[in-house]
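For reference, the chains in residue letters:
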There are 2 protein chains.
Amino acid sequence: TTIAAMDVLQWAEVAPGVWKATIGQADPLTPLNYAGTPKQDALAALEPAAFPFEKDVPVGQINAHGANVRIPLGAREKIYGLGLDFVGINRRKEVHHQHVDHYAQGKLKGRTHAPVPFYVSSDGYGVLVNTAHRPSFYVGSGNRKDSKLPTPVDRTTNKKGWSSRPLSDAVEVSVTGDGLEIFVFAGNNPLEAVQRYNLYCGGGVLPPRWGLGFWHRMHTQTDAATVVQEIADFEEHGFPLDVIGLEPGWQSFAYPCSFDWDPTRFPDPKGFLDTVGDKGIRINLWENPYISPESSISEAMKPYTGSHTVWLGEVADYTLPEAQKILLDHHQAKHLDIGVSGYKFDEVDGYDYWLWPDHATFPSGHDAVQIRQVYGVMIQNMLMNRFRELNQRTYGLVRSSNAGASNLGFVLYSDYYGHEGYITALVNSSFSGLLWTPEIRNADSGEEWVRRFQSVCFSPMLQLDAWNSGKKPWSYPEVTGIVRDVVELRTRLLPYLYTAFSEYNQKGVPPFRAMVLESGYKSEEKEVGGVLHGEKNPYAETNRLESTDQYMMGPSILVAPVLEKQKQRDVILPQGDWYDFYTGAFVGNGETITIKTKLEQIPLFVKDGGIIPMMPMAANLSKIEGKIPLEIRHYGKSAGAYELYDDDGETFDFEKGVFSTTRLEIRRVDGELAGSKTAAKGPWPSRYGEVSWVFMSE
Amino acid sequence: TTIAAMDVLQWAEVAPGVWKATIGQADPLTPLNYAGTPKQDALAALEPAAFPFEKDVPVGQINAHGANVRIPLGAREKIYGLGLDFVGINRRKEVHHQHVDHYAQGKLKGRTHAPVPFYVSSDGYGVLVNTAHRPSFYVGSGNRKDSKLPTPVDRTTNKKGWSSRPLSDAVEVSVTGDGLEIFVFAGNNPLEAVQRYNLYCGGGVLPPRWGLGFWHRMHTQTDAATVVQEIADFEEHGFPLDVIGLEPGWQSFAYPCSFDWDPTRFPDPKGFLDTVGDKGIRINLWENPYISPESSISEAMKPYTGSHTVWLGEVADYTLPEAQKILLDHHQAKHLDIGVSGYKFDEVDGYDYWLWPDHATFPSGHDAVQIRQVYGVMIQNMLMNRFRELNQRTYGLVRSSNAGASNLGFVLYSDYYGHEGYITALVNSSFSGLLWTPEIRNADSGEEWVRRFQSVCFSPMLQLDAWNSGKKPWSYPEVTGIVRDVVELRTRLLPYLYTAFSEYNQKGVPPFRAMVLESGYKSEEKEVGGVLHGEKNPYAETNRLESTDQYMMGPSILVAPVLEKQKQRDVILPQGDWYDFYTGAFVGNGETITIKTKLEQIPLFVKDGGIIPMMPMAANLSKIEGKIPLEIRHYGKSAGAYELYDDDGETFDFEKGVFSTTRLEIRRVDGELAGSKTAAKGPWPSRYGEVSWVFMSE
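Residues numbered from 1 in each chain as written. Chains lettered and ligands numbered in written order. Predicted model: local features only at pLDDT ≥ 70, side-chain atom pairs only at ≥ 80, totals over all residues. Heavy atoms only, no water.

Draft legend 1. Examining helix α11 (residues 494–507) of chain B more closely. Residues and elements named next belong to chain B. Given a rise of 1.5 Å per residue, 14 residues ought to cover 20 Å, and the 19 Å separating the end C-alpha atoms of α11 matches this to within 8%. Among the 14 residues that make up α11, 11 are buried, leaving the element largely enclosed by the rest of the structure. Taken as a whole, α11 has its buried residues at L494, P495, Y496, L497, Y498, T499, A500, F501, S502, Y504 and N505. At the C-terminal side of α11, G508 shows a positive phi close to 80°. (Helix = DSSP H or I, 4+ residues; strand = E, 2+ residues; numbered from the N terminus. Expected span 1.5 Å × (residues − 1). Buried < 20%, exposed > 50% of the residue type's maximum accessible area, 1.4 Å probe, protein only.)

Given below as C-alpha cells:
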C-alpha cells in the first residue's frame, strides 16, 4: 500500500466567519442534516473575525484506516467542548473516541450521551468535524516525527522533566470511512466562536414560556385521577406546577413501547388532557423508540425497521421519510392533537449491550454505527419539525444528542446522579449547543434536597424526576420553606431567563454558559500530583484541577452552586466589579473570593451595571392574567441597558418577527441612578406592565 | 445502498478437528501470522470430535459497517475466553469491543492487554475470529427480529419478568474492513477445544527450566556492582535466585529507549554477564519499543518507522523484515551473544493518549489500528524466532498479546495490582493461550506479602517486581520463614511443573487452567441483585457471581489461593475424591467445602490417584549437579500413572525429539500401594535419579 501525503485543506466560506473543507468523499448521513438553517443575517451581524489559521496549515489525508485531519494547536491553547462530559472542561492531552453511550463510563473520554464533534479554542475559534461515524479526537495528544518535537528527557536520571504526555502541536481527528467534512468557526473570543456555531445550526432553541416553569414526573403506574389529585396537592402545598411528565406506564405496553394510551389508566386521554389543560398544566410523555409488537404502528413500521431489536422492540430507520411519517402521524393523532406538549425520549443512548450491534442493518443501507450516533438528534429533529408544522413550540427531554442540536427543543439528562458532575455537565453543555438539566430524583438529607433544588432552579429545566423515590418538593419538611424560596426566585426571574433564551435563539449566546466564555475571566488550572508511585501512579501522571463549579446565567448573573456538606467555597470573579445578588453589596473584582455558604441561598453574583427584570411569583405560567408588573433590579454603580424580550410564548410566530423588545436603561443623573423604559418595539404587544426600579447597590 | 443477505459460511477442515471459513477478502495482517506451525500430528492424536454446528447455520455478511459473522448459541451455553480479563469468566450477555489497552478500564469489556478474539463454549468447541482489526463480540447480547425472540414482558406491570438483557441465540462478531477469517475448533469438552486451539498455534510454550525459578527485578538506576551484591544478599538470606531483571536504566537513554548499555552503570556488559552467569543467574532486560534518537539503531531504523512518536520515540514497523533485522541484529550482537536471556517488553499496550493515533501511517501501509492490535505478538514472535535460530530458549514478559501467542515464551503482567483480579486473570489466561504472572511489587502487611507470594509461587512465573518499592523477599521479617517455605515448595515441585509445561507444548493442555476446563467440575453461577433502585440500579440489572478464585496446576493439583484478610474460603471440588496436599487427608468429592485459612499454607488439593514428583530444594536451577533424587508423592486410594518429562532445559532440541519420559506408576498389590518407575524413554538421558515413594493418604 502506498500512503497518500497529507493534503492542504481547501476552505470555502459558507457563511460569514464560517468555512468548510472536505476531504475524500463526504458522508450522506451527518449530524448537520438534523440542524436548523444557518442564520445568515445574525452571523453577518457578529463582529467580523478572520480565519484562525494560515490557510495552508490544516491538512487532511485518506489512508488505510480512513480519513483524518490535523488542525494546528498553540502551546498555550486550551480546548473546550466535544459534547457532554461530567469531568473537567479543558480537553487538551485527552483522546476522545466519540461513541454514544448510556453514561460516561469513568475514564473513557468520548463515551457520552452527547458526543458532539465540535470544539472551541481558548484562542477564539471553533472546529466541527461533521460526521456520524465515531470520530477519534487526539487533542494535543501524541507527536509526529515530522513536527518540531519537544526534547526527550531521560526518565531514568531526570524524572522531573519526563512526561507521559509530552506537549504536542496539533489536534488530530480521524474516522473510518471514505472522507469527512470539517467546519471552522471564527471568533474574536471563545464566545463568538460558540455563537457562530449555534447560529450556523439555526440559532439556539427558544422554549415555550411554560417550559421554563416547574416540571414534575409521575410514577410509571399513575392513572388519570392520580395526576389530577397531584395537581391539587401541589396547589395545596403552595408549589407552582407547569408540566406533568408521565413515565412509561401511560402506555398500553412498555418496554418495548406501544405509544398507545393504556386503556385502564387513561381510558379517556382527551378528557384527561382537557381537564389538566384547564389548569394550565402541560403533559409530557415518556417514550423510548423501541417498538412493541403490541403497538398500533407495529405492522405498518415493520418494513422500515432494522435487523436487530432492542429489549425485543423493533428499531425504526428514521432516515426514511416513510418511517418518520408513520410515527409522526400516529403521535399527532393520538397525542398532539389532543394536547400533549412534548416528549421525554429515553434510551436513545444505551449501553452497547442493550442496543443494536455495530453490524446491524437498516433498510436505508446506512451504517448502523452512524444511525446510532445520530439517533438522538434524528428523533429530536423529526418531532421538532412536526411541532413546527403545527406552529406549536415544544420543550422536552432526550438522552442522546450530537452536533446540530442547538435549535432542537430538548434538554439532556442522565441516569448518573452526581451533583458535582451535574454542574460540570451544565458547564460543558454550553460549548456544544446542548442544554442540560440537573434534575432531582432523591436526596439523603434535607440539606442535599435543598442544594439540588437550588442547582436545578438555575438550569435550563427545573425538573423533579422523583417518580421512583416518590418524593415531593415538600418531602423534607424541615427545608420546605427554603425549597419554596428558590423555586419562587427562579419563577420571578422568568423575564430575565426568557430573554436570555431569546439571545440564544437570535445571537447564539448560551443562556447558561461556562465562565471561560465570559470576558475578563481568567481560567485557572493546576497540574497536581505527578509523584511516581509503583502501584498507584507508575507513570507519574499529573491531574488537572479546573474550576467547573460556577457558570453564567444570562448576561449578568454568576451562579456558584453549593454541594451538600460544602461549608465554604471559592468563587472566581471575572474582571469588573461584582455584587451579591441578594444584598447588592460589592464582593470583588477579578479575584477569587472564598464565601461561607448559607443553606437558604444559592450564591449568585451580578456584574456591575447588571439589570435584572423580575416578575411576581406565579403558580402557573400559563394562567397569568393581565399585564405583568416588573421589579427591575440594578446592581453596582455603572449605567446599563437591557433589551427585555417578549412574544406569545407558545408558537413559532416569533420566527416571523412576531415579538417585541422593551429597552430598559439605567443612567446616572445628577449623581443618582435613574431608570427609563421605552415602549415595546415590534408587532407583539408586550405583556409586561408597570415597572418599579430597585437600585440594589446604592 | 442494498444490503447483502447473510451468507452461509463455507467450511474447510484445515487440520484434524479445525475448520476455517472466510467471508469477503481476508486480511493480510492477522494474529495467526505470528503463531507457530500447527501441530498436525498432535491434533490428529486427540479424541475425534465433530464440527459443532449444523454446517449451514453459521452465517456471515459484508455490509455498510464492515464484515460480520453469526455463530449459534444454545440457551444454556456459557462462553469463556476473549483474552485477559480481571473480572468474571463467563462472557455471555457481554459486549467486548476488543482494543489493546494499558489495563482493563473498569467496565468496558474488551479493553485489555490481550484482546484475544477466541472463545470457548461450555459445550466443548472454540471459535477464533482471526483479525488484527478491533473486533466487536456480541456474546448472546441483542436479538434479531428474524430470530425466535423471547416474549416481551410489560415492564410497567410485571417488573419481575422483564430483563434489560433478554436471552439471545447467537454470538455475533463484527469488524470494519472488507472481510474476516474464522476458525472453529472441535472438542468433546471445553479442554479439548482449548487444546486444539493451542496446538493449532504451534502448541504451548515450554520455558527453559531456569524460567520457572525465582525472578527478581532491580531498581532502574542499579549498576553492575549492585547486582552482584544483590545476588550475594539472596544467598545470605537463603532465598533461591535464577533471573535478575534490569529495569530501564541499564540503557544509556530511556524513555524512549536506546537499547544500548549505559556506559556508567554497565561499563563492561560482557564481563558483567560472565560474572553473574558463573553464578547461574540469567539476565532479563526491560525494554519498551519506542526508539530514542540516542539509540545506535535510530538512524538505520528511520526509514522503517511510522508517522507518529510515542513518548517522543519513533515506532518501528515490524511488519517489515528490514525493521526486524535492524533490531534483532542489534539485540543479538549487544545482548544475546554476550549472554542476555530475554526481555521484558513493556508498554506495547499503552493508553490511547500515550500511543500512536488510529490514523498514524506506517511504511508498510498497514492500518495503524491493526499494527497496534498485534504489536505485542509481533515483537514476541520476532524475538522468539531469533532465539530459535540461536537454539536458545527464552522466557520473558510482555504487556500485550493477542491470538496465536501460545507458543511464544512471554508471560503477561500489568500495572494493575489487585490480588483478586490477578487470580481471575490467571484463570482467564488459560482459555486464550496466554500465561499470566501475579507478580509481587509491594504489600501493606506481612500477611499480604505472604498471600501474594503464595499466589505467585503457583503461577507461570515467580517474579518479585519490587524495584520501585525496594522490597526484598525478607522485607517482612515476621513472615520470612513462611515466604521461604512456599518458595521452597514451588522449587521442589519443578519436575511436576516442567512436565505440565511439556503437556502444554505437546498436547496443548494449559499448565494453569480454569476449573471449567476440568472434567467433573460443575461451574456455579448465581445472578444476584436485580432490584430496581432509582439512582443505583434503574434497570434492575443483575450481577453474575462466579467462582474465579481457584484453578488447576498440572494434572492433579487444585490451587485455592487466599487473599489477605480472608479467614475462610469456599473450594469447589470436582467429582471424584480429593485430598489435602499437605496431609493427604480426604477433603471431599464433587462438593463445595469451606476451609479455615492458615497463614502458612496456600490451600492445595490433589485428586485421587494423583502422582506428584518433587525434587530437593535448589538455590539455583542451573547449578544443580549430578542426578536429582525424587520424592514421588501419591494421593488417595486409586492406582495412577504419570509420565515424567525431562530435556536439556535450555535449547530447542526437544522440538527434534531430544527429550525423555519416565513412567511412574502406582498399583495396589495385595492391598498395599506400590510404586514403580521405568527407565527413561527417549534420546535424552533423564537427570532424575533415585526415587522414594510417599503414599500420602495411606
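Draft legend 2. Spatial organisation of the pattern of salt bridges. What the rule picks out here adds up to 99 salt bridges over all chains. R569 of chain A is the partner of D549 of chain A in a salt bridge, and the nearest nitrogen-oxygen pair spans 3.1 Å. Pair noted here: D549 of chain A is in the loop between β28 (542–546) and β29 (551–553) and R569 of chain A is in strand β31 (residues 568–572), with a separation of 20 residues, a long-range link. Exposure remark for D549 of chain A: the relative accessible area of 28% places this residue in the partly exposed category. Among the residues examined, R569 of chain A registers a relative accessible area of 3% and is labelled buried. The residue R393 of chain B makes a salt bridge to D648 of chain B at a minimum N-O spacing of 3.4 Å. Of this pair, R393 of chain B sits in the loop between α7 (368–389) and β23 (396–398) while D648 of chain B sits in the loop between β38 (640–647) and β39 (659–669); the two residues are 255 residues apart in sequence, bridging distant segments of the chain. (Salt bridge = Lys/Arg side-chain N within 4 Å of Asp/Glu carboxyl O.)

Draft legend 3. Broad picture of the pairing of strand β5 (residues 66–72) of chain A. Residues and elements named next belong to chain A. Across the 7 residues of β5, 6 count as buried, placing the element largely inside the fold. Inspection of the sheet shows strand β4 (residues 59–63) paired to β5 by 5 bridges, in the antiparallel sense. From the neighbouring strand, V59 faces β5, where its bridge partner is R70. Remark: 2 residues form the turn of the hairpin made by β4 and β5, two consecutive strands paired antiparallel. In the sheet, β5 pairs with strand β14 (residues 170–175) via 6 bridges, with the strands oriented antiparallel. Along β14, the bridge assignment pairs I71 with V171. (Pairing = 2+ DSSP bridges.)

Draft legend 4. Just the side chain of H335 of chain B, in detail. All names here are of chain B. Looking at where H335 falls in the secondary structure, it is placed in the loop between α6 (321–334) and β22 (342–345). The class of H335 is buried, set by a relative accessible area of 0%. Among the polar contacts listed, one links the side chain of H335 to the backbone oxygen of F259, at a separation of 2.9 Å. When sequence neighbours within four positions are dropped, the list of residues in contact with H335 reads W250, F259, W261, L285, E287, H330, V340 and Y343. (Polar contact = N/O pair within 3.5 Å; in protein donor to acceptor, adjacent residues only side chain to side chain. Contact = heavy atoms within 4.5 Å.)

Draft legend 5. Structural context of the relation of the copies chain B and chain A. Structural alignment of chain B on chain A gives an RMSD of 0.0 Å, achieved by rotating through 180° and translating 0.0 Å along the axis. In the structure described here, the two chain copies are related by an operation that fits a two-fold rotation axis. Of the residues that chain B buries at the interface, 100% are likewise interface residues in chain A, meaning the two copies contact each other through the same surface. (Least-squares fit on C-alpha atoms with pLDDT ≥ 70 in both.)

Draft legend 6. Here's a closer look at unusual backbone geometry. All names here are of chain A. At the junction of A254 and Y255, the peptide bond is cis and its omega measures out at -15° in the coordinates. Topologically, Y255 is positioned in the loop between β17 (243–246) and α4 (269–278). Unusually for a residue other than glycine, K93 sits at a positive phi of about 75°. With respect to the helices, strands and loops of the structure, K93 is situated in the loop between β6 (79–81) and β7 (95–97). In this structure, N391 is a non-glycine residue whose phi angle is positive, near 50°. Of note, N391 is situated in the loop between α7 (368–389) and β23 (396–398). The partly exposed category is assigned to N391, whose relative accessible area is 26%.

Draft legend 7. Structural context of the interface of chain B and chain A. The interface is formed by 91 residues belonging to chain B together with 91 residues belonging to chain A. Counting the surface lost from both chain B and chain A, the interface buries some 7300 Å², and carbon and sulfur atoms represent 55% of this. In terms of surface lost to chain A, no three residues of chain B exceed K145, L312 and H359 of chain B, which account for 10% of the buried area on that side. Counting every contact that joins chain B to chain A gives 4 salt bridges. With a shortest N-O distance of 3.9 Å, R441 of chain A and E535 of chain B are connected by a salt bridge. Summed over the shared surface of chain B and chain A, the number is 52 residue pairs in polar contact (both at pLDDT 80 or more). Broken down by secondary-structure element, the contributors of at least two residues to the side of chain B that touches chain A are β4 (59–63), β7 (95–97), β12 (136–139), β13 (143–144), β14 (170–175) and β20 (305–310) of chain B. In terms of residue class, the side of chain B that touches chain A is made up of 32 nonpolar, 36 polar and 23 charged. Of the strand pairs in this sheet, strand β13 (residues 143–144) of chain A and β20 of chain B are connected by 2 bridges, and their pairing is antiparallel. (Buried area = accessible area lost by both parts, 1.4 Å probe. Nonpolar A, V, L, I, M, F, W, Y, C, P; charged D, E, K, R; others polar.)

Shape descriptors only; they carry no functional weight alone.
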